[in-house]
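The lines below spell out each chain.
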Amino acid sequence: MSTKSEKAEFIGALDYLEKEKGIKKEIVIEALQQALESAYKQNYGDKNVEVDIDPMKGNIKVFAVKKITDDEELAADDSNEYMSLAEARKLPHGQGYDVDDEIREEVTPRNFGRIAAQTAKQVVMQRLREEERKIVYDKYKTYENEIITGEVSREDKRFIYIDLGDGVEGAMGFRDKLPNESYHVHDRIQVYVTKVNDDRRGPQIFVSRTAPELLKRLFEREVPEIKDGTVLIENISREAGDRAKVAVYSNDENIDPVGTCVGPRGSRVQAIVNELDGENMDIVEYVKDPAKFIANALNPADVLDVIFNEPVTVEKEDGEVEQERSCTVVVPDDQLSLAIGKRGQNARLAARLTKYKIDIKSASEMEELQAEEDDQD
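Thresholds applied
- Residues numbered from 1 in each chain as written.
- Predicted model: local features only at pLDDT ≥ 70, side-chain atom pairs only at ≥ 80, totals over all residues.
- Heavy atoms only, no water.
- Helix = DSSP H or I, 4+ residues; strand = E, 2+ residues; numbered from the N terminus.
- Rg over C-alpha atoms; globule rule 2.2 N^0.38 Å.
- Buried < 20%, exposed > 50% of the residue type's maximum accessible area, 1.4 Å probe, protein only.
- Contact = heavy atoms within 4.5 Å.
- Areas by Shrake-Rupley, 256 points an atom, 1.4 Å probe, with all protein chains shown as cover.
- Lys, Arg positive; Asp, Glu negative; His and termini not counted.
- Charge placed at Lys NZ, Arg CZ, Asp CG, Glu CD.
- 1 Å grid on protein atoms, 1.4 Å probe; cavity = no way out; pocket = protein on both sides within 12 Å on 5 of 7 lines; lining within 4 Å.
- Points joined across faces, edges and corners; volume = space filled by probe spheres on them.
- Nonpolar A, V, L, I, M, F, W, Y, C, P; charged D, E, K, R; others polar.
- Core = buried A, V, L, I, M, F, W, Y, C linked by side-chain atoms within 4.5 Å.

J.: Sorry if this is basic, but what is going on with the overall build of the chain here?
T.: A count of helical and extended segments in the chain gives 13 helices and 17 strands. Relative to the 2.2 N^0.38 estimate, which gives 21 Å for 377 residues, the radius of gyration of the chain is 35 Å and therefore markedly larger than a compact globule would have. When its C-alpha atoms are laid out on the principal axes, the chain stretches across 115 × 55 × 45 Å. Of all 377 residues assigned to the chain, the portion counted as buried reaches 40%. Restricting the contact set of the chain to residue pairs at least 6 apart, pairs at least 24 apart contribute 58%. Only carbon and sulfur atoms are counted for the fraction: they give 44% of the accessible area of the chain, which is about 22000 Å². Measuring between centres, the 54 positive side-chain charges of the chain sit 9 Å from its 80 negative side-chain charges.

Structure, rendered in C-alpha cells:
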C-alpha cells in the first residue's frame, strides 16, 4: 500500500471480514495475491512474478521468480523465466546458487502501492459480496421444501415476484399460481419453496402455490398428529385451486385419521381450504387393500365392486419401463356421474391418488357386458 492510511484500511478490512463475516484472512490474501500478480503483468509486462503480502503491516512486495539454468541461450531468449547460472552467481550471496534453483528478485514498482490499494478494495468488496450471497443462499436453502410467507412485489411476463426479506425475491411461474387467484403489490401470501439455486448474481429461489407438497405442509401445520407422526399422509393428488384428494392413515387403531384431519366441526381442513382460496378437500383413508383404497378414493360415490386387470408393461417418455395397473370399478347407476365427477375430475384424482388406471362403469353396464360375454361362451 502506498500510504499509512491505506495500509491501516486494508488491515482493518481483513480483520472485519474475519471477525464479522467469518472469511479467513488467508483466503482474502490469496485472492489478492492472484489479482495483484495479474495487475502487475497487465501494467509492467508479462513476467513470472509472485506477490508477498504482510497481513500485519499491510506491506506488499513483488518478486520476479526465475529458474537457474546452465543454458546461456535459453536464459537469453526467455529472460522472464530463466537466469543463467553465471548471472546468478554474480548477485550478492549468489555463490550458493546451482542449476534448477529458483531465484527471487524484488521488482516492486515505485507506484505499485496505488495499484495495490485499488485492487485490494476491489478484492475485499468482491469477497464481501460473495460471502453475503453465500449467507443468504445458505439461509434460504434451509427453506427448500418448506412454506414461507412473503409479500408480492412485482410481476413480469415470466414470473410473479415475492419479497421474502433480506432483499431476496422468490420467483413464482404462472403455472405455480392458483388459477382463481389474482395478486396485488403488497399482498402477503404463503408459498412453497420448490428450489433454491446458487447464482453469481445471488440465490435464485423458486416458489409455488400449486405444488402438492404445499398441501402436505399445510396439513402438517394444522394437524398436530401429522406433525408428530401419529397420522401419516400416504399420497396427495391435486388440481390446484379446484379440488384435492389426500390419503391418510394411522398405525394406531384407536385414532380415526380422517376425522383427525377434518378436525372439530371441520375446523382444521377449513383453515387449509381458506388458505387455498376455496380449494375443495377430500380426505380419504388409505388402507393396504387396493380394492378398499380405490373405493375410498372415489368418495363421495358408493362402490359396488372393483375388478383388477393384469398389469401391462408400458414404456414412458424417458424410456423407463413400468407396470401399469388398472381396474374396472362398478358403481350404482345413479352414482355414475358422481363417481366420474365434473369433467372426469373425481375419477382422475382418484387414479392419481391410488396409482391405478380406473375405468368406471354403472351396474347395468356391467350386467350387459357380462351377459354378452356369457352369450359368446
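From this point, things continue past the structure.
J.: Explanation requested: the layout of surface pockets in the structure shown.
T.: Leftover empty space is mapped by rolling, across the atoms, a probe with the size of a water molecule. By volume, the largest pocket amounts to about 370 Å³. Along its surface, the largest pocket is lined by 17 residues, and Glu169, Gly202, Pro203, Gln204 and Ile205 are the ones closest to its centre. Looking at the lining of the largest pocket, the elements that each hand over two or more residues are α5 (112-141), β7 (168-173) and β9 (204-208). A per-element tally of the lining of the largest pocket places β7 first, with four residues. When grouped by side-chain class, the residues that make up the lining of the largest pocket number seven nonpolar, four polar and six charged.

J.: Just checking my understanding: could you explain the nonpolar core for this structure?
T.: The tendency in soluble globular proteins is for nonpolar side chains to be buried side by side. Membership of the largest hydrophobic core comes to 40 residues, with the highest contact counts inside it found for Leu215, Phe219 and Met281. The leading source of residues in this core is strand β8 (residues 188-197), at five residues. Once residues lying within four places of it in the same chain are set aside, the contact partners of Met281 are Leu215, Phe219, Ala244, Val269, Ile272, Val273 and Leu276. Counting residues in hydrophobic clusters, the runner-up holds 24 residues, among them Ile23, Val28, Ala39 and Val124.

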